[in-house]
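Listed below, chain by chain, are the residues.
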Amino acid sequence: KAGVTQTPRYLIKTRGQQVTLSCSPISGHRSVSWYQQTPGQGLQFLFEYFSETQRNKGNFPGRFSGRQFSNSRSEMNVSTLELGDSALYLCASSPSGATNEKLFFGSGTQLSVL
Amino acid sequence: GENVEQHPSTLSVQEGDSAVIKCTYSDSASNYFPWYKQELGKRPQLIIDIRSNVGEKKDQRIAVTLNKTAKHFSLHITETQPEDSAVYFCAASRGTSYDKVIFGPGTSLSVIP
């Protein structure tokens, strides 16, 4: 099976712009979670989607949003970018999203905000 | 909300020595504790996990211990090798629920040949 695929791999944006990141889960996985990774902060949970519904949400401002399509692919959008949004954004998929399931991570999208 | 602390943030050991990383969690309902390893430039991967009905679990050179009373758990790596150099993340969650998995801030382990 193909692994979790994230596109694009790198993004450079300027403050105030918006960005959309994409995540294709492993075939058959219906849960997709998004994490923000910054040095010293580890993996901060953004949100989790299952069957096109947001099931869990972390403590991020409303500028961060996402959605999931019927084929389980997910997108994450960040509007009105700020310098502090520079980070590696990882998505992870699992079969059902039960929290005792192994998470399969993508390689991430490295976002730089100038 | 749930919080997971992890110490130390950086750790250097000589090849062949042991390494220990400790985590504490705040949610007493947590009952599943995975550890992920992220090598430089690569994606995090699950290396071992432990559930609350078990106090210790081993897999070759790595082991995890859990103290539910004190709400802390640890990763032990014995006979460290250069390929063990990576960032290690502990995490906690409510096991069979569909709640979020909370990760610690990570420990950067360097094994010096």
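A brief structural summary. (Residues numbered from 1 in each chain as written. Chains lettered and ligands numbered in written order. Predicted model: local features only at pLDDT ≥ 70, side-chain atom pairs only at ≥ 80, totals over all residues. Heavy atoms only, no water.)

**A few points about the nonpolar core**
Here's step 1: With 24 residues, the main nonpolar core has Trp 35, Phe 73, Leu 75 and Leu 109 of chain B as its most contacted residues.
Here's step 2: Sorting the residues of this core by element identifies strand 2 (10-14), strand 3 (19-25), strand 4 (32-38), strand 5 (45-51), strand 7 (62-67), strand 8 (72-77), strand 9 (86-92) and strand 11 (107-112) of chain B as the ones contributing at least two each.
Here's step 3: Residues within four places of Phe 73 of chain B in sequence aside, it is in contact with Ile 21, Lys 22, Cys 23, Tyr 25, Phe 33, Trp 35, Thr 65, Leu 66, Cys 90 and Ala 91 of chain B.
Here's step 4: Among the nonpolar cores identified, the runner-up in size contains 21 residues, and Leu 11, Cys 23, Cys 91 and Leu 111 of chain A belong to it. (Core = buried A, V, L, I, M, F, W, Y, C linked by side-chain atoms within 4.5 Å. Buried < 20%, exposed > 50% of the residue type's maximum accessible area, 1.4 Å probe, protein only. Helix = DSSP H or I, 4+ residues; strand = E, 2+ residues; numbered from the N terminus. Contact = heavy atoms within 4.5 Å.)

**Considerations on the sheet that holds strand 7 of chain B**
Residues and elements named next belong to chain B.
Here's step 1: The 5 strands are arranged 1-3-8-7-6 in an open sheet whose pairing can be described as antiparallel. The strands lining the two open edges of the sheet, one partner per strand, are strand 1 (4-7) and strand 6 (56-59). Along the sheet, successive strands turn relative to each other by an average axial angle of 15°, direction set aside.
Here's step 2: The sheet contact formed by strand 3 and strand 8 spans 6 bridges and is antiparallel. Along strand 8, the bridge assignment pairs Ala 19 with Ile 77. (Pairing = 2+ DSSP bridges. Axes fitted to C-alpha atoms, helices over the stretch in contact; angles between N-to-C directions.)

**Structural notes on unusual backbone geometry**
Here's step 1: A cis amide bond links Thr 7 of chain A with the next residue in sequence, Pro 8 of chain A, at an omega value of -10°.
Here's step 2: Going from His 7 of chain B to Pro 8 of chain B, the amide bond is cis rather than trans, its omega being -5°.
Here's step 3: Looking at the element boundaries, Pro 8 of chain B is found in the loop between strand 1 and strand 2.
Here's step 4: Positive phi outside glycine occurs at Thr 80 of chain A, with the angle close to 45°.
Here's step 5: By the secondary structure assignment, Thr 80 of chain A is in the loop between strand 8 (74-78) and strand 9 (87-94).
Here's step 6: With a relative accessible area of 47%, Thr 80 of chain A lands in the partly exposed category.

**Some remarks on the pairing of strand 9 of chain B**
Residues and elements named next belong to chain B.
Here's step 1: Within strand 9, 6 of the 7 residues are buried, which leaves it mostly tucked inside the rest of the structure.
Here's step 2: Bridge analysis of strand 4 against strand 9 gives 4 bridges, and the strand direction is antiparallel. Each residue of the ladder has a partner; that of Tyr 36, found in strand 9, is Phe 89.
Here's step 3: In this structure, strand 9 lies alongside strand 11, joined through 3 bridges in antiparallel fashion. Opposite Tyr 88, over in strand 11, you have Thr 107 as the bridge partner.
Here's step 4: Pairing between strand 9 and strand 10 (residues 102-103): 2 bridges, direction antiparallel. Following the sheet pairing, Ala 91 is matched in strand 10 by Phe 103.

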